[in-house]
Amino acid sequence: MENATKALIIAGGIFFALLILSLIIYVATAISGMADEQDKNTLAKQIATFNKGYEAYNKSRMYGTDIITVVNKANDNNQKDQYQVTITVYDTNGNKISKNFDGLKTQIFECTDVQYNEETGRIESMTFKQI
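Quick summary incoming for the structure in this document.

Reading guide: rules and limits
Residues numbered from 1 in each chain as written. Predicted model: local features only at pLDDT ≥ 70, side-chain atom pairs only at ≥ 80, totals over all residues. Heavy atoms only, no water. Helix = DSSP H or I, 4+ residues; strand = E, 2+ residues; numbered from the N terminus. Rg over C-alpha atoms; globule rule 2.2 N^0.38 Å. Buried < 20%, exposed > 50% of the residue type's maximum accessible area, 1.4 Å probe, protein only. Contact = heavy atoms within 4.5 Å. Areas by Shrake-Rupley, 256 points an atom, 1.4 Å probe, with all protein chains shown as cover. Lys, Arg positive; Asp, Glu negative; His and termini not counted. Charge placed at Lys NZ, Arg CZ, Asp CG, Glu CD.

### Examining the overall build of the protein
Part 1 of the reasoning: For the protein, the count of helices and strands is two helices and five strands.
Part 2 of the reasoning: The linear arrangement of helices and strands in the protein, starting from the amino end, is α-β-α-β-β-β-β.
Part 3 of the reasoning: In terms of overall size, the protein is more extended than a compact globule, its C-alpha atoms giving a radius of gyration of 30 Å where 131 residues would be expected to give roughly 14 Å.
Part 4 of the reasoning: Expressed as lengths along the three principal axes of its C-alpha atoms, the size of the protein is roughly 100 × 25 × 20 Å.
Part 5 of the reasoning: Evaluated residue by residue, the protein yields a buried proportion of 24% over its 131 residues.
Part 6 of the reasoning: Look at the contacts in the protein between residues 6 or more apart in sequence, and 57% of them connect residues 24 or more apart.
Part 7 of the reasoning: Here the protein displays about 9,500 Å² of accessible surface, and carbon together with sulfur accounts for 55% of that area.
Part 8 of the reasoning: Side-chain charges in the protein split into 13 positive and 15 negative, and the spacing between the mean points of these groups amounts to 6 Å.

By themselves, these are just geometric observations and shouldn't be taken as functional.
Below you can see the structure in the form of structure tokens.
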């Protein structure tokens, strides 16, 4: 009878240890999942902030000064960030304008295309046309 009591105590101890170990693993997994979710939320906010800075120029009518601003913004971004943004500007004849936007400050433009990167969700190119 004494051996049976010891065996039950040992079995209960093992069961209790397994229960505590399972609880520790469950809590560690839950905490890890929360950290991953927080990282995803932070990344989504960063992408939204990045895109918002360019989506402000997705308009049907804007002045050349806005075009100069978005071109400068993209150039600054391309020097600092790994995510490159391409701005393409066309005149009324469909010719690509690549330099000297100063003469276009009072001209009217429209945003004709915005492309998003499929992997990152960030804006990767914008196209503007002089009206």
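Next comes the rest of the description.
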